[in-house]
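One-letter residues, chain by chain:
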Amino acid sequence: MAHDKTFFDKTYPWAGIKTETIDGQEMVYIPKFYYKTGTAPTGSQQAGKKCLWVSDRPIAGYRVHPAFMKAGAEIAGFWVGAYECSVDASVGSKAASVSGKAPLVSIDFPTMQSRCAARNVNGQTGWHLWNIYELAAIQMLCLIELGSPDVQAKIGSGNSNSSAAVATGSSNAKWRGISELWGNVWHMVDGLKSSDTTIQILDRLGNGTYVNTGV
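Everything in this summary refers to the structure shown in the same document.

Calculation rules
Residues numbered from 1 in each chain as written. Predicted model: local features only at pLDDT ≥ 70, side-chain atom pairs only at ≥ 80, totals over all residues. Heavy atoms only, no water. Pairing = 2+ DSSP bridges. Helix = DSSP H or I, 4+ residues; strand = E, 2+ residues; numbered from the N terminus. Axes fitted to C-alpha atoms, helices over the stretch in contact; angles between N-to-C directions. Patch = residues over 30% accessible without salt bridge, like charges linked within 9 Å, V, L, I, M, F, W, Y side chains within 5 Å. Areas by Shrake-Rupley, 256 points an atom, 1.4 Å probe, with all protein chains shown as cover. Salt bridge = Lys/Arg side-chain N within 4 Å of Asp/Glu carboxyl O. Buried < 20%, exposed > 50% of the residue type's maximum accessible area, 1.4 Å probe, protein only. Phe/Tyr/Trp six-rings, centres within 6.5 Å; stacked < 30°, edge-to-face > 60°. Lys NZ or Arg CZ within 6 Å of the ring centre and 35° of its normal.

## Thoughts on the sheet that holds strand β14 (residues 199-202)
Then comes step 1: Read across the open sheet, the three strands follow the order β13-β14-β15; overall the sheet is antiparallel. In the strand order of this sheet, the two ends are held by β13 (192-194) and β15 (210-212), each with one partner. For this sheet, the mean angle separating the axes of adjacent strands, direction not counted, is 30°.
Then comes step 2: Inspection of the sheet shows β13 paired to β14 by three bridges, in the antiparallel sense. The partner of S194 across the bridge, within β14, is I199.

## Observations concerning a nonpolar patch on the surface
Then comes step 1: A grouping of L192, I199 and V215 is seen on the molecular surface, where their side chains present a nonpolar patch of about 290 Å² in accessible area.
Then comes step 2: Its place among the elements puts I199 in strand β14.
Then comes step 3: Using a relative accessible area of 35% as the deciding quantity, one classes I199 as partly exposed.

## Re the packing of aromatic side chains
Then comes step 1: Tallying each qualifying case throughout the model produces five aromatic pairs.
Then comes step 2: Ring plane angle 90° and centroid distance 5.3 Å describe the contact between F7 and F8, whose orientation is recorded as edge-to-face.
Then comes step 3: With 4.8 Å between their ring centres and 50° between their planes, Y29 and W79 make a pair best called tilted. Of this pair, Y29 sits in strand β2 (residues 25-31) while W79 sits in strand β8 (residues 77-81), placing them 50 residues apart in sequence.
Then comes step 4: Exposure remark for Y29: the relative accessible area of 12% places this residue in the buried category.
Then comes step 5: Over the aromatic face of Y29 sits the side chain of K18, whose NZ or CZ is 5.5 Å from the ring centroid.
Then comes step 6: Sitting above the plane of the W127 ring, R119 keeps its charged end 5.5 Å from the centroid.

## Structural notes on the sheet that holds β8
Then comes step 1: One open sheet holds the three strands; their spatial order is β1-β2-β8, and the pairing between them is antiparallel. Both edges of this open sheet fall to β1 (18-22) and β8, since each of them pairs with a single strand only. Between one strand axis and the next, the sheet turns by 40° as a mean value, whatever way the strands run.
Then comes step 2: For β2 and β8, the ladder comprises five bridges, and the chain directions are antiparallel.

Right, here's the structure in full:
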């Protein structure tokens, strides 16, 4: 049975997604959830298909999504920028999340990391370039809600067919308050790196350490 947006508006964790202003930045809060993957059982509508399930509590067969782990402990949720990073008008070395601005381009990965972390001053903590687990949690909720990975068909193409970037918040590539989640400019995401021979990934416990995948 397919559900419309109204159903998800009233269902956790989608019902807990909200927009907040923190340190002058527009942010979107994603609440903690537990998940499992597997094949839908015989007799169900999706029988035999690979499926995703989410829960608001740690019931049997579910585990907390790694986006909600920090230093080995579960956290209530995380915030993600409502807009692609732009230059903070007051301090150019900081990344900003505000509408109607030119997104950061022609920037290398370490500089992008440092621009995000530069907000950790004057009592502010926790600012960082989003990581693979945070993005994966958002993608999981989006996929379940839309029932399809084709966000362009379900929501809008966004700025996917132009050679020039548009200002933040000005395209229709928007899901639950997160603008330009696809299209417009390349997104840098933390959490993967390579050695000479293998791929390393951030640990699932939120310790900020890397684990060798052996791949």
